[in-house]
Amino acid sequence: MTSVTAPERSGGRAGRPSDRPAPRPRTDHGAWFLVLPALIPILLLSVGPLLYGIALAFTDAQSGRTRATQWVGALNFQDLLHDTLFWESFRIGLLWAVGVTVPQFLLALGLALLLDQRLRFRWLARALAIVPWAMPEVVVGIMWRLVYHPDAGILNETVRDLGLGDGRDWLTSLATALPAVILVGVWAGMPQTTVALLAGLQNTPRELHEAAALDGAGAWRRFRTVTWPALRPVAFAITALNFIWNLNSFALVYVLTSGGPGGRTRLPMLFAYEEAFRYGQFGYAAAMGCVMVAVISVLLAVHLASRLKGDE
């Protein structure tokens, strides 16, 4: 007697896939309720003010006016194109951003490489390295104003003790104001860059360094072939963020110089602040903010495009 197997009863072909369509993935609408607590503050505190600022840029809003605010279209942006003071502040802002970001990265890279070594009291050195990061920008500005003080500042006292002259007023001199402020920006922002780079260094496998050392590679060659390829994504990301943060700087420079002397340290955000809260031109200041947002968005898009192209 011949037995009939299970595949023969079902059609004679084993392993045949079912003719029924695969079930569609179910959308869990309840997940939105979990995301809402994080989205609501972003919408209220970031997106909302941004949209309001963009709308304000197309009006003639001013402080102390009795008549209603009028819609003026692109008039503020047309005036901005011919405002030489704004474009001068934009040039100074680029000098400030580049002048802070580049030395900040180079010094932070050297410090991160040093703190990555197996040294005695390394934990203490790491703790001291992030002290400036824990200080508010206003406190940093006040502290460095005391350092730069023309009469009792430690910098001028050191210059006099070394016989290099009688010192100078670093923050009110046209020649030294911007370099002095850049030095403070580098000192204040270097710790966060150091922490990011140090985290990238610690994620690099030690076996790669040991293998390169066994092959006879020197310190520079190990850095170029092992350390930098692993550190490059972190370095590019933190450099782009630092440039954007520095271009948007306000508090540190405001405390140090308030944009002086003669506008030599007037960054774009300081210029917009003066237009809004000193001269009451809210619509014009909002137009400046929109230009800055557009510039930063373009820079960020270029950075992301280069990163995606590099990953491919």
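Values in this document were obtained by computation on a predicted structure and should not be read as measured data.

Q: Can you help me understand the overall build of the protein chain in this one?
A: Scanning the protein chain from terminus to terminus reveals 14 helices and zero strands. Its helices and strands taken in sequence order, the protein chain reads α-α-α-α-α-α-α-α-α-α-α-α-α-α from the N to the C terminus. Long-range contacts, defined here as pairs at least 24 residues apart, represent 65% of the contacts in the protein chain between residues at least 6 apart.

Q: What am I meant to see in helix H11 (residues 219-247) here?
A: The α-helix winds at 3.6 residues per turn, so residues separated by three or four positions along the chain end up facing the same way. With 29 residues, H11 should reach 42 Å at 1.5 Å per residue; the first-to-last C-alpha distance of 35 Å falls well below that figure. A maximum bend of about 55° is found in H11 at Trp-228, where proline Pro-229 lies one to four positions downstream. Those residues of H11 that sit buried are Phe-223, Val-226, Thr-227, Leu-231, Ala-235, Ile-238, Ala-240, Asn-242, Phe-243, Ile-244, Asn-246 and Leu-247.

Q: What is the right way to look at the side chain of Glu-275 in this model?
A: Along the chain, Glu-275 turns up in helix H13 (residues 268-277). There is no salt bridge for the buried Glu-275, and the closest opposite charge comes from Arg-266, which lies 7.7 Å off by N-O distance. Here Glu-275 is in contact with Gly-280, Gln-281, Tyr-284, Ala-285 and Met-288, once residues within four sequence places are set aside.

Q: It is not clear to me how the packing of helix H7 (residues 137-147) against helix H9 (residues 177-202) should be interpreted in this structure. Could you clarify?
A: How two helices sit against one another is set out by the angle between their axes and by the gap between those axes. Contact geometry for H7 and H9: axes closest at 11 Å, N-to-C directions at 135°. As the angle between them shows, H7 and H9 are arranged oblique. For the pair H7 and H9, the sense of crossing is right-handed. Taking contact as the criterion, the partners of Val-140, Met-143 and Trp-144 in H7 are, on H9, Leu-183, Val-184, Trp-187 and Ala-188. Along the lines of polarity and charge, the residues of the contact of H7 with H9 split into seven nonpolar, no polar and no charged.

Q: What am I meant to see in the packing of H9 against H11 here?
A: Remark: H9 packs on H11, axes separated minimally by 9 Å, with the N-to-C direction vectors making an angle of 160°. Taken together, the axes of H9 and H11 lie roughly antiparallel to each other. The hand of the H9/H11 crossing is right-handed. Here Gln-192, Thr-193, Ala-196, Leu-197, Gly-200 and Leu-201 of H9 lie close against H11, whose contacting residues are Thr-227, Leu-231, Val-234, Ala-235, Ile-238, Asn-242 and Trp-245. In terms of residue class, the contact of H9 with H11 is built from eight nonpolar, five polar and no charged.

Q: Looking at this structure, I do not really get the packing of aromatic side chains. What am I missing?
A: Geometry of an aromatic ring pair is reported as the spacing of the ring centres plus the angle between the planes. Throughout the structure, instances matching the rule amount to 17 aromatic pairs. Centroid distance Trp-144 to Tyr-148: 5.6 Å. Interplanar angle 45°. Geometry classified as tilted. Of the two residues, Trp-144 and Tyr-148, neither departs from the other in class, the shared state being buried. One aromatic cluster in this structure is built from Phe-105, Trp-220, Phe-223, Trp-228 and Phe-236.

Q: Hey, could you run me through the nonpolar core in this one?
A: General note: in soluble globular proteins, nonpolar side chains tend to be found buried as a group. Ranked by internal contacts, the top residues of the largest apolar core, which has 20 residues, are Trp-96, Trp-144, Tyr-148, Val-184 and Leu-256. Broken down by secondary-structure element, the contributors of at least two residues to this core are helix H4 (84-115), H7, H9 and helix H12 (251-256). At six residues, the largest contribution of residues to this core is made by H9. In this structure, Met-190, Leu-197, Leu-198 and Phe-223 belong to the second largest nonpolar core, which totals 14 residues.

The rules behind each value
- Residues numbered from 1 in each chain as written.
- Predicted model: local features only at pLDDT ≥ 70, side-chain atom pairs only at ≥ 80, totals over all residues.
- Heavy atoms only, no water.
- Helix = DSSP H or I, 4+ residues; strand = E, 2+ residues; numbered from the N terminus.
- Contact = heavy atoms within 4.5 Å.
- Expected span 1.5 Å × (residues − 1).
- Bend = angle between axes of the 7 residues up to and from the residue.
- Buried < 20%, exposed > 50% of the residue type's maximum accessible area, 1.4 Å probe, protein only.
- Lys, Arg positive; Asp, Glu negative; His and termini not counted.
- Salt bridge = Lys/Arg side-chain N within 4 Å of Asp/Glu carboxyl O.
- Axes fitted to C-alpha atoms, helices over the stretch in contact; angles between N-to-C directions.
- Parallel < 35°, antiparallel > 145°, perpendicular 65-115°, else oblique.
- Left-handed = near helix turned anticlockwise from the far one by under 90°.
- Nonpolar A, V, L, I, M, F, W, Y, C, P; charged D, E, K, R; others polar.
- Phe/Tyr/Trp six-rings, centres within 6.5 Å; stacked < 30°, edge-to-face > 60°.
- Core = buried A, V, L, I, M, F, W, Y, C linked by side-chain atoms within 4.5 Å.

So, to be careful, I would describe these as geometric facts and stop short of saying anything about function.
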